[in-house]
Amino acid sequence: MKIDKINSVIYKIVLKLYPAYYLEEYGESMEQTFRDILTDDGAPAAWIKIARDLPGSLIKEHFDNLRSGVVGITKRNNNIGLAVLVAGYLTLALWLLAIFTGVELGLGIVSYVIVAFFGFFLLLSGVLFVTSLVFNVKESRVSHKLSKGLKLTLISIPPIAFCYLAIVVKGLTEGH
Amino acid sequence: MLALIERERHGYEIMKQAEYDSGGKIKMGPGTLYGNIKRMLADRMIEETNGPDNEDERRKYYRLTGKGKNFLSMELLRYDNAVKLARRKNLFPEIKLQEFSL
């Protein structure tokens, strides 16, 4: 029961990556569906399903969001900034989790799944970071003040930079 | 949409039914499911309902609209015609189209 609750909380955090208006409308239903999958199939199967579903649906919903113009420019930039922040710290958490499981459990399906998640979020946070920076710098220059989205983007620099640096350092040290 | 032809269902039921009907080939996650629901709602192919006898107030139920039923039957007719044509011309004999006849 407690494990299910932890999984649900993690999923709720992952959901923050979706556009705000989409979450407002379907967030609760998605959480309920996730809980149903957890109950029927168990946590590993549920997360595998989410991992397969997440990249495509995230890209599709954000693209829809940008195309439909449902939100104003400021709100959109805030949302992208928030998405960078969540993706950045989630990437750092996954990096720590990957190390922890690698040390505690050794190499196995669990650590491979976590590393795959880490890779995906590392890439996602990089792409989101650049996108957010471009949009928010533009907005800040027009309004002559730091936009909220830019502040969020700046706060997300440490975890993202750390993760990319960790990968570079690992690559260099393994190269020799 | 096929998952809603028999009765109204909530999201997870739609997901399970689509998986069952496709013999396990269609495995959706919540993101894809609700993205499709959003688009079908926008196109007025489906609509939200309270569910059978307000079974579970927390859940949103969905059912096909008249427009959705029309669209689905037209699509099925289109597929049926395509299969009939392929069978008549004996296209792709290696996949034995008669096995898939409706």
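The structure this text deals with has already been given above.
In short, a report on the structure. What you are looking at is a predicted structure, and each value in this text was computed from that prediction instead of being measured.

### Concerning the overall build of chain B
Part 1 of the reasoning: Broken down by element type, chain B carries 3 helices and 3 strands.
Part 2 of the reasoning: Considering only contacts in chain B between residues 6 or more positions apart, those separated by 24 or more positions represent 35%.
Part 3 of the reasoning: Carbon and sulfur atoms make up 52% of the accessible area of chain B, which totals about 6900 Å².

### Section: helix α5 (residues 109–143) of chain A
Think of an α-helix as turning once every 3.6 residues; residues three or four places apart then point the same way.
Part 1 of the reasoning: Here α5 of chain A is 35 residues long and its end C-alpha atoms lie 49 Å apart, about the 51 Å a rise of 1.5 Å per residue gives.
Part 2 of the reasoning: After α5 of chain A finishes, the residue His-144 of chain A shows a positive phi value of roughly 60°.

### Observations regarding the packing of aromatic side chains
Part 1 of the reasoning: A complete count under the given rule lists 10 aromatic pairs over all chains for this structure.
Part 2 of the reasoning: Centre to centre, the rings of Tyr-26 of chain A and Tyr-34 of chain B are 5.9 Å apart; their planes meet at 35°, and the pair counts as tilted. One end of the pair, Tyr-26 of chain A, is in helix α2 (residues 20–41); the other, Tyr-34 of chain B, is in helix α2 (residues 30–42), on a second chain. Accessibility classification places Tyr-26 of chain A together with Tyr-34 of chain B in one group, the buried group.
Part 3 of the reasoning: Where Trp-47 of chain A meets Phe-117 of chain A, the ring centres are 6.4 Å apart and the plane angle is 85°; that geometry is what we call edge-to-face.

### Looking at the pattern of salt bridges
Part 1 of the reasoning: This structure, assessed with the given rule, holds 12 salt bridges over all chains.
Part 2 of the reasoning: Between Arg-78 of chain B and Glu-75 of chain B there is a salt bridge, with its nearest N and O atoms 3.1 Å apart. Placement of the pair is Arg-78 of chain B and Glu-75 of chain B together in helix α3 (residues 66–88), with a separation of 3 residues, close to one helical turn.
Part 3 of the reasoning: Among the residues examined, Glu-75 of chain B registers a relative accessible area of 19% and is labelled buried.
Part 4 of the reasoning: Salt-bridge contacts for Asp-80 of chain B lead to Lys-84 of chain B; the nearest nitrogen and oxygen are separated by 3.1 Å. Separated by 4 residues within a single helix, Asp-80 of chain B and Lys-84 of chain B lie in helix α3, roughly one turn from each other.
Part 5 of the reasoning: Beyond isolated ion pairs, a larger network of salt bridges with shared partners links Glu-61 and Asp-64 of chain A together with Lys-38 and Arg-39 of chain B.

### Quick notes on the interface of chain B and chain A
The parts lose accessible area when they come together, and the size of an interface is often stated as this lost area.
Part 1 of the reasoning: Across the contact, 21 residues belong to chain B and 22 residues belong to chain A.
Part 2 of the reasoning: With both sides pooled, the region where chain B packs onto chain A buries about 1800 Å², and carbon together with sulfur makes up 48% of that total.
Part 3 of the reasoning: Run the count over chain B and chain A and you get 7 salt bridges.
Part 4 of the reasoning: Viewed at the interface, chain A and chain B are joined by 15 residue pairs in polar contact (both at pLDDT 80 or more).
Part 5 of the reasoning: For the side of chain B that touches chain A, the elements supplying multiple residues, two or more each, are α1 (11–21) and α2 of chain B.

### Some words on unusual backbone geometry
Part 1 of the reasoning: For His-144 of chain A, which is not glycine, the phi dihedral falls at a positive 60°.
Part 2 of the reasoning: Tracing the chain through its elements places His-144 of chain A in the loop between α5 and α6 (148–155).
Part 3 of the reasoning: Positive phi values are uncommon outside glycine, yet Arg-44 of chain B reaches one of about 60°.
Part 4 of the reasoning: Of note, Arg-44 of chain B is situated in the loop between α2 and β2 (46–49).

Cut-offs used in this document
- Residues numbered from 1 in each chain as written.
- Chains lettered and ligands numbered in written order.
- Predicted model: local features only at pLDDT ≥ 70, side-chain atom pairs only at ≥ 80, totals over all residues.
- Heavy atoms only, no water.
- Helix = DSSP H or I, 4+ residues; strand = E, 2+ residues; numbered from the N terminus.
- Contact = heavy atoms within 4.5 Å.
- Areas by Shrake-Rupley, 256 points an atom, 1.4 Å probe, with all protein chains shown as cover.
- Expected span 1.5 Å × (residues − 1).
- Phe/Tyr/Trp six-rings, centres within 6.5 Å; stacked < 30°, edge-to-face > 60°.
- Buried < 20%, exposed > 50% of the residue type's maximum accessible area, 1.4 Å probe, protein only.
- Salt bridge = Lys/Arg side-chain N within 4 Å of Asp/Glu carboxyl O.
- Buried area = accessible area lost by both parts, 1.4 Å probe.
- Polar contact = N/O pair within 3.5 Å; in protein donor to acceptor, adjacent residues only side chain to side chain.

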